2 protein chains.
Amino acid sequence: MSLEKKIVQIRSFNRFYTDVLGLVNNNLLDSEYSLAEARILYEIFTARTVSASDIISKLSMDKGYLSRILKKFERSGLIIRKASKEDARVYLLSLTDQGKSVFDTLNHASYQQISRLVSNMAEQQLDELVKYMHEITRLLQKANKHITGSH
Amino acid sequence: MSLEKKIVQIRSFNRFYTDVLGLVNNNLLDSEYSLAEARILYEIFTARTVSASDIISKLSMDKGYLSRILKKFERSGLIIRKASKEDARVYLLSLTDQGKSVFDTLNHASYQQISRLVSNMAEQQLDELVKYMHEITRLLQKANKHITGSH
DNA sequence: AATTTTAGTTGACAAAGTCAACTTTATTAA
DNA sequence: TTAATAAAGTTGACTTTGTCAACTAAAATT
């Protein structure tokens, strides 16, 4: 297969997977949280404690936009912000119990969503799917070290 | 591996690939056309002649939103709309020469973008990447016949 | 010590997307 | 065959999402 055709194939996959992600994410959006908000909660949850600028570089988002979302999260009691001791410009973010609870709900909904997506697959097919996803991640990450790693 | 872990793996891939698509699409957005607009031009180009409702079901987008984009395309000379003979409610869309030219430009930019993404890969690795993408598409489409097929 | 950079906030704005009401034509069912 | 219903597309009003630049305060650099 020519390089041209391979690239056409990759673009075809990208369109397909955009649809898959759209499907998966839209059902998440039935909650009162946007995709960006869910992703931010995920980052704070997994890191356990991060600064806004960590999130900005991880998710490549606008700092003004993030600042407002974090303010909303704080007002509604999902996160607390603690001034860093090492750097007075920095606030360290962490989830409150309520924040963890909201995260759990979103996390579970997202889990169920994927669960449904693969519910018709035999075990072996699912294994293959996971393997291929892992391989794609590995190949693209190896060739593009700059792509945000480690999920 | 447990089912739970497999689903966690899939979600991890989804986050990763969201980043990949974000990267790829953002550079497209340096043009004066949005992702949605580019995708619409693509649909009209490949189908050669479609109705608005075809695009709506293919891309699952709001018909009001699409209507406005199409109006803009018509005003700026990218498409023409011809009343259908079979159904007077329907307008058939097709690209003008200028529309094809804009499409070509976007298409080429998108091609280059993917080209860069895989530029560091050896031929064999690229072959594997394409193969895995194809397999993922096949597996997911087989298990979810309703996912918008055929790209 | 002066300059530059970084973290975060805020205001103003633009782009993207949603929703419902409406018109016109087609389809379905009584 | 007409009455009700549905589908295609348009439009207005609106919300959400995201961007940009100016700003303050603290840290890093020269």
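Residues numbered from 1 in each chain as written. Chains lettered and ligands numbered in written order. Predicted model: local features only at pLDDT ≥ 70, side-chain atom pairs only at ≥ 80, totals over all residues. Heavy atoms only, no water.

Residue and element names in this part refer to chain B. Pairing of strand E1 (residues 50-51) with strand E3 (residues 91-95), which is carried by 2 bridges, proceeds in the antiparallel orientation. Its bridge partner being in E3, Ser51 is matched across the sheet by Leu92. Examined bridge by bridge, strand E2 (residues 79-83) and E3 share 5 bridges and lie antiparallel to one another. Each bridged residue has a counterpart across the sheet, and for Arg81 the counterpart in E3 is Leu93. (Pairing = 2+ DSSP bridges. Helix = DSSP H or I, 4+ residues; strand = E, 2+ residues; numbered from the N terminus.)

We now examine the protein's contact with DNA strand C. In the vicinity of DNA strand C lie 20 residues, with Ser53, Arg68, Arg81 and Arg89 of chain A together with Tyr65 of chain B positioned nearest. Close to the protein, within 4 Å, the atoms of DNA strand C belong to sugar or phosphate groups at a rate of 57%. Measuring from a phosphate oxygen of DNA strand C, one finds a backbone N or O atom of Ala52 of chain A at 3.5 Å. At 2.3 Å from a phosphate oxygen of DNA strand C is found a side-chain nitrogen or oxygen belonging to Tyr65 of chain B. In terms of residue count, the dominant contributor to the surface near DNA strand C is helix H4 (residues 63-75) of chain A (5 residues). (Near = heavy atom within 4 Å. Polar contact = N/O pair within 3.5 Å; in protein donor to acceptor, adjacent residues only side chain to side chain.)

In this section: the pattern of salt bridges. Pairs can form between side chains of opposite charge once their charged atoms are near each other. Inspection of the entire model under this criterion finds 16 salt bridges over all chains. In this structure, Glu74 of chain A engages Arg81 of chain A in a salt bridge whose closest nitrogen and oxygen atoms are separated by 3.2 Å. Take Glu74 of chain A: its relative accessible area is 33%, and that puts it in the partly exposed class. For Arg81 of chain A, a relative accessible area of 35% puts it in the partly exposed group. One salt-bridge network, held together by shared partners, links Lys6 of chain A together with Glu123 and Asp127 of chain B. (Salt bridge = Lys/Arg side-chain N within 4 Å of Asp/Glu carboxyl O. Buried < 20%, exposed > 50% of the residue type's maximum accessible area, 1.4 Å probe, protein only.)

The next thing to look at is the sheet that holds strand E2 (residues 79-83) of chain A. What holds strands together in a sheet is hydrogen bonding between their backbones, with the strands either parallel or antiparallel. In space, the 3 strands of this open sheet follow the order E1-E3-E2 (chain A), with antiparallel pairing throughout. Sheet topology places strand E1 (50-51) and E2 of chain A at the edges, where each strand pairs with a single neighbour.

Residue and element names in this part refer to chain B. Strands sit in the order E1-E3-E2 across an open sheet of 3 strands; the sheet is antiparallel. The open sheet has two edge strands, E1 and E2, and neither has a second partner. The strands touched by helix H2 (residues 35-47) are E1, E2 and E3; relative to E3, the strand with the most contacts, the crossing angle is about 95 degrees. (Contact = heavy atoms within 4.5 Å. Axes fitted to C-alpha atoms, helices over the stretch in contact; angles between N-to-C directions.)

Attention now moves to the packing of aromatic side chains. In the structure shown here, the tally under the stated rule is 12 aromatic pairs over all chains. On the numbers, 5.3 Å between centres and 80 degrees between planes, the contact of Tyr17 of chain A with Phe13 of chain B is edge-to-face. In this pair, Tyr17 of chain A sits in helix H1 (residues 3-28) while Phe13 of chain B sits in helix H1 (residues 3-28), so the two residues belong to two different chains. Phe13 of chain B gets classed as buried once you look at its relative accessible area, which sits at 1%. Pairing Tyr17 of chain A with Tyr17 of chain B gives two aromatic rings, centres 5.8 Å apart and planes at 75 degrees, and the pair type is edge-to-face. Taken as a pair, Tyr17 of chain A in helix H1 and Tyr17 of chain B in helix H1 lie in two separate chains rather than in one. This pair shows no difference in class: Tyr17 of chain A is buried, exactly as Tyr17 of chain B is. Ring-pair connections join several aromatic residues into one group, and the members of that group are Phe13 and Tyr17 of chain A together with Phe13 and Tyr17 of chain B. Over the face of the ring belonging to Tyr91 of chain A we find Arg81 of chain A, whose NZ or CZ atom lies 4.5 Å from the ring centre. (Phe/Tyr/Trp six-rings, centres within 6.5 Å; stacked < 30°, edge-to-face > 60°. Lys NZ or Arg CZ within 6 Å of the ring centre and 35° of its normal.)

Residue-level contacts link 52 residues of chain A with 52 residues of chain B. Interface area, chain A with chain B, both sides summed: about 5,800 Å², of which 69% is carbon and sulfur. Considering only the surface of chain A that becomes buried against chain B, Arg11, Phe16 and Tyr111 of chain A emerge as the three largest contributors, covering 12% of it. Scanning the region where chain A abuts chain B turns up 6 salt bridges. Those elements giving two or more residues to the side of chain A that touches chain B turn out to be H1, helix H2 (35-47), helix H5 (97-117) and helix H6 (123-143) of chain A. (Buried area = accessible area lost by both parts, 1.4 Å probe.)

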